[in-house]
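Structure at a glance
Residues per chain are reported as follows:
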Amino acid sequence: MKKPSEENRVEIVATVEHARHCANFIKKNESFVFDIDGKLLPEKSSANLCLGMLARIQPALMIAKERVQEGLDPLPVTVPYLDCFDTGIDFGGMGKVTVKLHSRKVR
Amino acid sequence: MNKNNSETTYHFKTDYLKDDELPELREPLSKALDLKEDDFNRLSPEVKNLLSGRRRIGVNWLDDYEVVAEVISDKGCACGVKIGQKAVFDMRHRLKPEHSDIVCCMHLLSPVLAVFYMSFDRASEGLNPVTRIWTHYECLQTNDALARNKARVRVFLRDAKTHEIITKAVLDKNEHLFDEKTQ
């Protein structure tokens, strides 16, 4: 597999599109930032680092790395939304956070 | 959720708080989580059980304790995870980067979420919130060593202030509950 050159390194950003009754007080427009190897970058993230949301994003990070190594855009064009593991107040849980994934060049 | 099924019992009765409106939690929780009266009234039996953990192991238990995932194996890991690094979470499963020195690899940390599913359940029973069975987790990447070489963590509970590791099955403040159950 090809390894991305330094200038082509990208980050994966999950921006909060919607948050409701979140016990970790995650708010709309906050974000989680990851490197292409799947590592969370706390210093670049603005949302509270809730594992219930982060763990949901993990499979997408595996996909992103695979795609970059094949020379493709990091994220597929299929639905870019992911929601947290809490099932929400109407389905036996409490809160619900939804993020939208996108990529950007490393800042 | 179909409200008609709220009293459905599967293997045990979950709605033993049916007539308990959790009065001491209503105001602070509604304020914190933006819950209107109707929202609070339709909390599921499962969430009410979750919230009742405060009565068992202390009003501030979510802040009094921390879950630590300490790396015990790093062979084959290319992400920079090293033995001895620690990820520290509060009891709401929020990573505390200020107390953590781990390389925050999501392939290793994601499986740790299971600890917190168990922790709320155990708290509602008055037990040490961290399981004494499912304490080891490993990286989700299999690689070509057929899963022999992986980063792994061991998970434990500690006091958030003193960092004392807490291994008792029943927390000190709840030992009377344990005595009642064993009599």
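Residues numbered from 1 in each chain as written. Chains lettered and ligands numbered in written order. Predicted model: local features only at pLDDT ≥ 70, side-chain atom pairs only at ≥ 80, totals over all residues. Heavy atoms only, no water.

1. As for the overall build of chain A
Helix and strand content of chain A: 1 helix and 4 strands. When its helices and strands are written in sequence order, chain A yields β-β-α-β-β. Over its C-alpha atoms chain A spans a radius of gyration of 14 Å, differing by no more than 12% from the 13 Å that the globule rule assigns to 107 residues. Projected onto the principal axes, the alpha-carbon positions of chain A cover approximately 45 × 25 × 20 Å. Summarising the internal contacts of chain A: among those between residues at least 6 apart in sequence, 53% fall at separations of at least 24. (Helix = DSSP H or I, 4+ residues; strand = E, 2+ residues; numbered from the N terminus. Rg over C-alpha atoms; globule rule 2.2 N^0.38 Å. Contact = heavy atoms within 4.5 Å.)

2. Observations regarding the interface of chain B and chain A
Taken together, the contact between chain B and chain A spans 33 residues of the former and 29 residues of the latter. Between chain B and chain A, the buried area comes to about 2,600 Å², and carbon and sulfur atoms account for 67% of it. Where chain B touches chain A, the interface holds 1 salt bridge. Residue D90 of chain A pairs with R42 of chain B through a salt bridge whose shortest N-O separation is 2.0 Å. Linking chain B with chain A are 11 residue pairs in polar contact (both at pLDDT 80 or more). Among the elements of the structure, α1 (23-33), α3 (45-51), α6 (106-109) and α7 (113-124) of chain B are those that each provide at least two residues to the side of chain B that touches chain A. Across the side of chain B that touches chain A, the residue classes break down as 22 nonpolar, 5 polar and 6 charged. (Buried area = accessible area lost by both parts, 1.4 Å probe. Salt bridge = Lys/Arg side-chain N within 4 Å of Asp/Glu carboxyl O. Polar contact = N/O pair within 3.5 Å; in protein donor to acceptor, adjacent residues only side chain to side chain. Nonpolar A, V, L, I, M, F, W, Y, C, P; charged D, E, K, R; others polar.)

3. Concerning the confidence of the model for chain B
For chain B, per-residue confidence averages 87 on the pLDDT scale, and 86% of positions sit at 70 or higher. This complex was scored by the predictor with a pTM of 0.87 and an ipTM of 0.90. (pLDDT = per-residue confidence, 0-100.)

4. Quick notes on the pairing of strand β1 (residues 10-20) of chain A
All names here are of chain A. Sheet topology note: the β1/strand β4 (residues 96-105) ladder contains 10 bridges and is antiparallel. Counted as the bridge partner of V13 is H102 from β4. Where β1 meets strand β2 (residues 31-35), 5 bridges bridge the pair, whose relative direction is antiparallel. What sits directly across from V13, in β2, is V33. (Pairing = 2+ DSSP bridges.)

5. Some remarks on the environment of S119 of chain B
All names here are of chain B. Inspection of the secondary structure assignment puts S119 in helix α7. A sequence separation of 42 residues divides S119 from C77, and the C-alpha atoms of the two residues are 28 Å apart. Ignoring anything within four residues of it in the chain, the contact list for S119 reads W61, M91 and P129.

6. Here we look at the pairing of strand β2 (residues 86-90) of chain B
Residue and element names in this part refer to chain B. Of all 5 residues in β2, 4 are buried; the element is thus mostly enclosed. Pairing between strand β1 (residues 65-73) and β2: 5 bridges, direction antiparallel. Within β2, the position partnered with E70 by the bridge is K86. (Buried < 20%, exposed > 50% of the residue type's maximum accessible area, 1.4 Å probe, protein only.)

7. Here's the deal with the nonpolar core
In this structure, F32 and F34 of chain A together with F89 and V112 of chain B are the most contacted members of the largest nonpolar core, which totals 62 residues. Contacts of F89 of chain B, omitting those with residues within four sequence positions, involve L51 of chain A together with E66, V67, A69, R94, L95, K96, L109, V112 and F116 of chain B. If you look at the next biggest cluster of nonpolar residues, it comprises 11 residues, including L29, L43, V47 and L51 of chain B. (Core = buried A, V, L, I, M, F, W, Y, C linked by side-chain atoms within 4.5 Å.)

8. Observations regarding α1 of chain B
Residue and element names in this part refer to chain B. Burial in α1 covers these residues: L25, L29, S30 and L33. Mapping the buried residues of α1 onto a view down its axis gives an arc of 115°, with all of them on the same face. Exposed side chains of α1 directed beyond 90 degrees from the buried face belong to P23, E27 and K31. Buried residues along α1 sit against α2 (37-41), α3 and α4 (53-57). Positioned one or two residues after α1, D34 has a phi angle of 60°, which is positive. (Arc of directions from axis to C-beta.)

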